[in-house]
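Each chain, written out:
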Number of protein chains: 2
Amino acid sequence: MNTFENLEYNSLLTSFKELLKNNSLKFTKQREVVLKTLYERNEHFTPEDLYIFLKSTYPQLNIGIATVYRTLNLLEESHMVTSISFGVAGKKFELANKPHHDHMICKTCGLIIEFQNDKIEQLQLEIAKANHFHITSHLMQLRGLCEKCAKEKS
Amino acid sequence: MNTFENLEYNSLLTSFKELLKNNSLKFTKQREVVLKTLYERNEHFTPEDLYIFLKSTYPQLNIGIATVYRTLNLLEESHMVTSISFGVAGKKFELANKPHHDHMICKTCGLIIEFQNDKIEQLQLEIAKANHFHITSHLMQLRGLCEKCAKEKS
DNA sequence: TTACTTGCAAATGATTTGCACGTAT
DNA sequence: ATACGTGCAAATCATTTGCAAGTAA
């Protein structure tokens, strides 16, 4: 389903380069370090957090936040990264080299737990079919308290 | 689970007035027409759309968009309305007097289809339990094309 | 050389806030 | 009379965009 599933860095890089070539876009240091960082850190980044990380890790690059946004948008449109939305608070991005999954998000500490459940996915397809709706993607987030924060509240 | 489920207008209004009193807030015409409109129109409103509607329906009130935002936020914090997020594009609000449900959203025309599925809700609880996570709410949106838009594409 | 890219700063768009005036209680 | 509420305009915050200079191909 997802072309980038389970790829490691060199394959991702090759895919990215092809993608750029196919669209007459150029392979730049900035685009490279965005992809590399998402791969190596394997975290959910806000554009701001990623910008700060890149700024301090590659000071000589003098990357601008607009470039971070542009690159993340490019990668997302190409399905190489996915994002989870936090409403007014913005989005977090992660590399799409993992199999599809959804997220539990702790409202207190921001911890993100990934999960996936085939039965739910199956039920979603059935529901869509019954409504003559054609699903292209879905969003499922469970919000609440992680174990640690739940304990601290009591 | 939801205190406001299945209430009709008079009961909602009473609940709202109590809520205001309990918090030393005042019952105003502006707050009243926001609640009334959400009840009567039974739609998913953006703050902007609701503002435009109120502006033209109650011109003598001369309502400001800031008041619409403030009232929607107040109602949402009190769980009398719920919202669905459209990322950068903002939020849509609806009255919480219907039983819990989730949404299918057409990416082309914006049509919203409501659905609910007990099996999925049950599975979500089981997944959370297995991860020692305490769910307080969840977000589930199926995105894609409605029947009409899917036909027009082909 | 010829586009495409970049950083910067300004623009945008949704939402929030300060303030002086208005109004429920 | 005393807060609290409101409209307005300005402020904010995340994100996008125009532009002149830089750089991959």
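To be clear, the structure that these remarks concern was listed above.
Summarised in this report is the structure supplied together with it. (Residues numbered from 1 in each chain as written. Chains lettered and ligands numbered in written order. Predicted model: local features only at pLDDT ≥ 70, side-chain atom pairs only at ≥ 80, totals over all residues. Heavy atoms only, no water.)

The next thing to look at is the protein's contact with DNA strand C. Close contacts around DNA strand C come from 22 residues, with A:Leu25, A:Thr28, A:Ile63, A:Thr67 and B:Tyr69 the closest. Residue A:Arg70 places a side-chain N or O atom 2.8 Å away from a base nitrogen belonging to DNA strand C. B:Asn73 has a polar side-chain atom sitting 2.9 Å from a phosphate oxygen of DNA strand C. For the surface near DNA strand C, the secondary structure elements donating two or more residues are α2 (29-41) and α4 (65-77) of chain A together with α4 (65-77) of chain B. No other element matches the 4 residues that α4(B) contributes to the surface near DNA strand C. Its residues assigned to classes, the surface near DNA strand C comprises 8 nonpolar, 8 polar and 6 charged. (Near = heavy atom within 4 Å. Polar contact = N/O pair within 3.5 Å; in protein donor to acceptor, adjacent residues only side chain to side chain. Helix = DSSP H or I, 4+ residues; strand = E, 2+ residues; numbered from the N terminus. Nonpolar A, V, L, I, M, F, W, Y, C, P; charged D, E, K, R; others polar.)

Time to look at the protein's contact with DNA strand D. In the neighbourhood of DNA strand D, 22 residues make up the surrounding shell, with A:Tyr69, B:Thr28, B:Arg31, B:Ile63 and B:Thr67 lying closest. Restricting the count to atoms of DNA strand D within 4 Å of the protein gives a sugar and phosphate share of 77%. The contact in question runs from a phosphate oxygen of DNA strand D to an N or O atom on the side chain of B:Thr28, over 2.7 Å. Measuring from a phosphate oxygen of DNA strand D, one finds a side-chain N or O atom of B:Arg31 at 2.5 Å. Those elements that provide at least two residues to the surface near DNA strand D are α4 of chain A together with α2 (29-41) and α4 of chain B. Looking at which element gives the most residues to the surface near DNA strand D, the answer is α4(A), with 4 residues. Looking at the surface near DNA strand D, its residues break down into 8 nonpolar, 8 polar and 6 charged.

Attention shifts here to helix α3 (residues 47-57) of chain A. Residue and element names in this part refer to chain A. Turning to α3, its buried residues number three or more, namely Pro47, Leu50, Tyr51 and Leu54. Across the axial projection of α3, the buried residues extend over an arc of 105°, all falling on one side. Buried positions along α3 lie against α2, α4 and β2 (91-95). (Buried < 20%, exposed > 50% of the residue type's maximum accessible area, 1.4 Å probe, protein only. Arc of directions from axis to C-beta. Contact = heavy atoms within 4.5 Å.)

Turning next to the relation of the copies chain B and chain A. Rotating chain B by 180° and moving it 0.1 Å along the rotation axis overlays it on chain A with an RMSD of 0.2 Å. The superposition operator between the copies reduces to a two-fold rotation axis. Looking at the rotation axis and the C-alpha trace of chain B, the residue lying nearest is B:Met140, at 2.2 Å. A symmetric contact is evident, with 100% of the interface residues of chain B recurring at the interface of chain A. (Least-squares fit on C-alpha atoms with pLDDT ≥ 70 in both.)

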